[in-house]
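Fold and contact review
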Amino acid sequence: MESPTSIPAQVLSYGDVKGAAERVAGHVRPVAVAPADPDAAGHELFLALEFLQHTGSFKARGAWNFLRSHLEAGTLPAAGVTIASGGNAGLACAWAARQQGVRATVFLPETAPKVKVDRLLGYGADVRLVGSEYAEALAACEVFEAESGALASHAYDHPLVAAGAGTLLEEIAERIPDLDTVVVSVGGGGLFAGVATAARHHGIRTVAVEPERCRALNAALEAGTPVDVPVDSVAADSLGARRASATALHAALQDGVRSVLVPDGEIVRARRRLWDDHRLVVEHAAATALAALPHAYRPSPGEKVCVVLCGANTDPTDLVTAG
């Protein structure tokens, strides 16, 4: 997964999220929120079904806000937008670009699965396959950006992307009166930064959940600055950022935020539980948030908790065929 560039922290404000909410309204799917089964510990649990979003993840929100903001400002070049990502961010960028009549050029390594390439082509992207590793695709993307003048997008390390992701919390807060806590998984921190910024405005606690072996935000909190971390988790395809963004770290240092870690075994069990109990198929990154309950984060009796199920771009066959 992409690592952020070494840019200064962009401090998000609630106004950024509200502005993004106005831009994405009517263009993204409003999140559905479902109550989960009553909890024996006495707290109310809700699931935010954001995996039903366009392209299968929350990334559509940030991608739309990023492009629309540049279109409104007249800063989108004729060469369009470019990104190096075959994951959720690349899909969202290609989708948002097609919807807004913008050219999108997406760089992937030659080893990218055909299904990802086909989906990007289906969204109308100009797909460039370069090298055998992501780093080579990224380098080619940077050359293309410099030579063509295309606008570079990033998977998470941009304030417009993070603010767009934060619109999810605005919708959740409307649907769950007196919500106490939102639980969200963290990779590079775009979703977390946006959600935490909006949640703080509403007086809602944010629990940031990471795999034990993909702990970029947790490590940044310990070090007091973003640092590189090893990446080795079942959820690394979506949460495998080697370094959290400075924006995410700033959001995590504010009141009302708690950082927790979960082992891979709990992530796998949470994903399986969502299938067995609710017939919901999500990716491991989404299950990571649910895996925090009730051990890494134990809600108080009567606490209203919403777990964000952020994406479902996954192979479901292991769920269907497992015993």
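The structure presented is a predicted model; accordingly, all values stated were derived computationally and were not measured. (Residues numbered from 1 in each chain as written. Predicted model: local features only at pLDDT ≥ 70, side-chain atom pairs only at ≥ 80, totals over all residues. Heavy atoms only, no water.)

Quick look at the overall build of the chain
- Counting secondary structure elements, the chain contains 13 helices and 10 strands.
- Taken over the C-alpha trace, the chain has a radius of gyration of 18 Å; the compact-globule value for 323 residues is 20 Å, and the two agree within 12%.
- With the C-alpha coordinates of the chain rotated into their principal frame, the extents come out at 60 × 45 × 40 Å.
- Within the chain, the proportion of its 323 residues that are buried is 55%.
- Taking contacts inside the chain between residues at least 6 apart in sequence as the whole, the part at least 24 apart equals 73%.
- Accessible surface for the chain amounts to roughly 13100 Å². Of this, 51% is attributable to carbon and sulfur atoms. (Helix = DSSP H or I, 4+ residues; strand = E, 2+ residues; numbered from the N terminus. Rg over C-alpha atoms; globule rule 2.2 N^0.38 Å. Buried < 20%, exposed > 50% of the residue type's maximum accessible area, 1.4 Å probe, protein only. Contact = heavy atoms within 4.5 Å. Areas by Shrake-Rupley, 256 points an atom, 1.4 Å probe, with all protein chains shown as cover.)

Here's the deal with the packing of aromatic side chains
- Applying the stated criterion across every chain, the model contains two aromatic pairs.
- With a centroid separation of 5.8 Å and 45° between ring planes, the pair formed by Trp64 and Trp95 is classed as tilted. Of the two residues, Trp64 sits in helix α2 (residues 59–73) while Trp95 sits in helix α3 (residues 88–99), which places them 31 residues apart along the sequence.
- Considering the side-chain rings of Phe107 and Phe144, the 5.6 Å spacing of their centres and the 55° angle between planes classify their relative orientation as tilted. Here Phe107 is found in strand β4 (residues 104–108), whereas its partner Phe144 is found in helix α5 (residues 134–148), with 37 residues between them in sequence.
- For Phe107, a relative accessible area of 4% gives the class buried. (Phe/Tyr/Trp six-rings, centres within 6.5 Å; stacked < 30°, edge-to-face > 60°.)

Some details on the sheet that holds strand β10 (residues 304–308)
- Strand order across the open sheet formed by six strands is β1-β2-β10-β7-β8-β9, with mixed pairing between neighbours. The strands lining the two open edges of the sheet, one partner per strand, are β1 (33–35) and β9 (257–262). Direction aside, neighbouring strands of the sheet carry axes that sit 25° apart on average.
- In terms of strand pairing, strand β7 (residues 181–185) meets β10 through three bridges, oriented parallel. Paired with Thr181 across the strands is Val305, a residue of β10. (Pairing = 2+ DSSP bridges. Axes fitted to C-alpha atoms, helices over the stretch in contact; angles between N-to-C directions.)

So, unusual backbone geometry
- Between Leu293 and Pro294 the backbone carries a cis peptide bond, its omega angle lying at 5°.
- Summarising the element assignment, Pro294 is placed in the loop between α12 (284–291) and β10.
- Phi is positive for Thr55, which is not a glycine, with a value near 70°.
- Along the chain, the position of Thr55 falls in the loop between β2 (44–48) and α2.
- A relative accessible area of 7% means that Thr55 is categorised as buried.

Some remarks on the sheet that holds strand β5 (residues 126–129)
- Spatially, four strands are ordered β5-β4-β3-β6 in an open sheet, and the strand pairing comes out parallel. The open sheet has two edge strands with one neighbour each: β5 and β6 (151–152).
- Sheet analysis places strand β3 (residues 81–84) next to β6, joined by two bridges and oriented parallel. Across the sheet, the residue bridging to Thr82 is Ala152, located in β6.
- Relative to β5, helix α4 (residues 114–122) is tilted by about 150°, and along the sheet it contacts β4 and β5.
- Against the sheet, α5 engages β3, β4, β5 and β6, with an angle of about 160° to β3.

Any functional reading would require information that these geometric values do not contain.
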